[in-house]
Amino acid sequence: MKPIQEIYPQLAQPRNVAITTHQKPDADAMGSSLALFHFLKQFGDNVTVISPTNWAQWLDWMPGCDEVIDFEFNPAKANEMLDSADWLFCLDFNIFHRTKTMTEKLKQLHCTKILIDHHREPDEPSFDYGISDYGKSSTCEMIYDLITGSGYADKINEAISECIYAGVIADTGSFRFPSSSSSVHHLVADLKSRGLQHSKIHENLFDNFLENKLRFTGHVLLHRMQVFYDYNTALVAVPKSDLLKYHIKTGDTEGLVNYPQTIRGIKLVAMVIDRDEERKWSFRSKGDFDCNTFARKYFEGGGHFNAAGGRTTDSLDVTVQKFKEAIKENKSLLQ
Ligand code: 5GP
Ligand code: MN
């Protein structure tokens, strides 16, 4: 993989560009994809954002979201755009299998593939150009770096600012995680000086849900959370019946994993959701417990040091049992 800087001189030349990200895109994935979309369009590029799956409805406010193609919903259109792409940008993921049913298609494409991502252990040989830096707060920060680093800061418009800010807020936990470096704050200062209305973005991200999500959160915290004080660990296991009862849709479970972290002394929070095709794990830690290694070792996953995910085809009961055994094995690291 050659350095991302090598594409900078080529940016001004119009071409067909496809931008994609991981399945069930979150605010950083969608924000970085749309920020890049709004940037490249200014060069006359024919740009399409393709999401491997649907996304949370509460991201629909993002400028350009209505133009994003859902690969699962409209495969013919998505394939047409992918087949005609000169460049494919892969944002906020670093290995093709995180695009689920789009994986084989991406592997087959012969266009130039460009990676921009901040997760650990990238599959670098799959990409022609790129940057992988797990020190970065968010992929949105990396898109900002690309725009300013390539000398086109003057192209940062309202749409780009809003998309970048949303991803930064989401991935830094509103500036609380250690990844909120001074350069993140400089970035925000720059967006503010360009006119960003930040309060609007917070409302769009955090005050934009339906009643059922809040009721579901209350139910889950009351009935589905276990705390293992010997391991400084909290576990939330959500059965399918809860998702059906509360009409839970894509994205409605996001943020839930953060609540148990507010209990004093908790070092690791694990949440597992019983989805149709798999049981999806989320892990969050504080301090020196490495979620990435834990998720990789026990749950076919990965991610960041303090936030990672995983999956399994085991039943909910079986995977919860495996989790309990895994924390026993990791007891010394959790104390
Ligand atoms: P979340 O718990 O919010 O789904 O994910 C936490 C972090 O881990 C995100 O940065 C996400 O992209 C990453 N992640 C989630 N699931 C997986 C997975 O199965 N594999 C890998 N490599 N990363 C994941
Ligand atoms: Mn991210």
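Residues numbered from 1 in each chain as written. Chains lettered and ligands numbered in written order. Predicted model: local features only at pLDDT ≥ 70, side-chain atom pairs only at ≥ 80, totals over all residues. Heavy atoms only, no water.

Under the domain assignment used here, the protein contains domain 1 (2-206) and domain 2 (211-333). Each of domain 1 and domain 2 was reduced to a C-alpha centroid, and the two centroids are 27 Å apart. Each partner contributes to the interface: domain 1 provides 15 residues, whereas domain 2 provides 13 residues. Summed over both partners, the interface of domain 1 with domain 2 comes to about 1,200 Å²; 46% of that surface belongs to carbon and sulfur atoms. Applying the counting rule to domain 1 against domain 2 returns two salt bridges. Among the ionic pairs, E121 bridges to R296, the shortest N-O distance being 3.3 Å. Along the contact surface separating domain 1 from domain 2 lie nine residue pairs in polar contact (both at pLDDT 80 or more). A per-class count over the side of domain 1 that touches domain 2 returns four nonpolar, five polar and six charged. (Domains from an automatic or database assignment. Contact = heavy atoms within 4.5 Å. Buried area = accessible area lost by both parts, 1.4 Å probe. Salt bridge = Lys/Arg side-chain N within 4 Å of Asp/Glu carboxyl O. Polar contact = N/O pair within 3.5 Å; in protein donor to acceptor, adjacent residues only side chain to side chain. Nonpolar A, V, L, I, M, F, W, Y, C, P; charged D, E, K, R; others polar.)

Oppositely charged side chains may form a pair once their charged atoms are brought near each other. Applying the stated criterion across every chain, the model contains 16 salt bridges. Residues E162 and K200 are paired through a salt bridge, measuring 2.9 Å at the closest nitrogen-oxygen approach. Of this pair, E162 sits in helix α5 (residues 158-172) while K200 is found in helix α7 (residues 198-206), placing the two residues 38 residues apart along the sequence. With relative accessibility at 8%, the residue E162 sits in the buried group. A salt bridge links D288 to K267; the nearest nitrogen and oxygen atoms lie 3.2 Å apart. Of this pair, D288 sits in the loop between β11 (279-285) and α10 (291-299) while K267 sits in the loop between α9 (240-245) and β10 (268-274); the two residues are 21 residues apart in sequence, bridging distant segments of the chain. Note on D288: relative accessible area 55%, which makes it exposed. (Helix = DSSP H or I, 4+ residues; strand = E, 2+ residues; numbered from the N terminus. Buried < 20%, exposed > 50% of the residue type's maximum accessible area, 1.4 Å probe, protein only.)

A few words now on the site of ligand 1. Ligand 1 sits among 13 residues. The nearest are H119, K280, S282, R284 and H304. With respect to ligand 1, the side chain of R98 contributes an N or O atom lying 3.0 Å from an oxygen atom. S282 is positioned such that a nitrogen or oxygen atom in its side chain is 2.6 Å from an oxygen atom of ligand 1. Contact with the protein chains removes 82% of the 500 Å² of surface that ligand 1 exposes when unbound. Within the residue set of the shell around ligand 1, elements represented by two or more residues are β11, β12 (302-303) and β13 (307-312). In terms of residue count, β13 provides more of the shell around ligand 1 than any other element does, four residues in total. Taken together, the residues of the shell around ligand 1 break down into two nonpolar, eight polar and three charged. (Near = heavy atom within 4 Å. Areas by Shrake-Rupley, 256 points an atom, 1.4 Å probe, with all protein chains shown as cover.)

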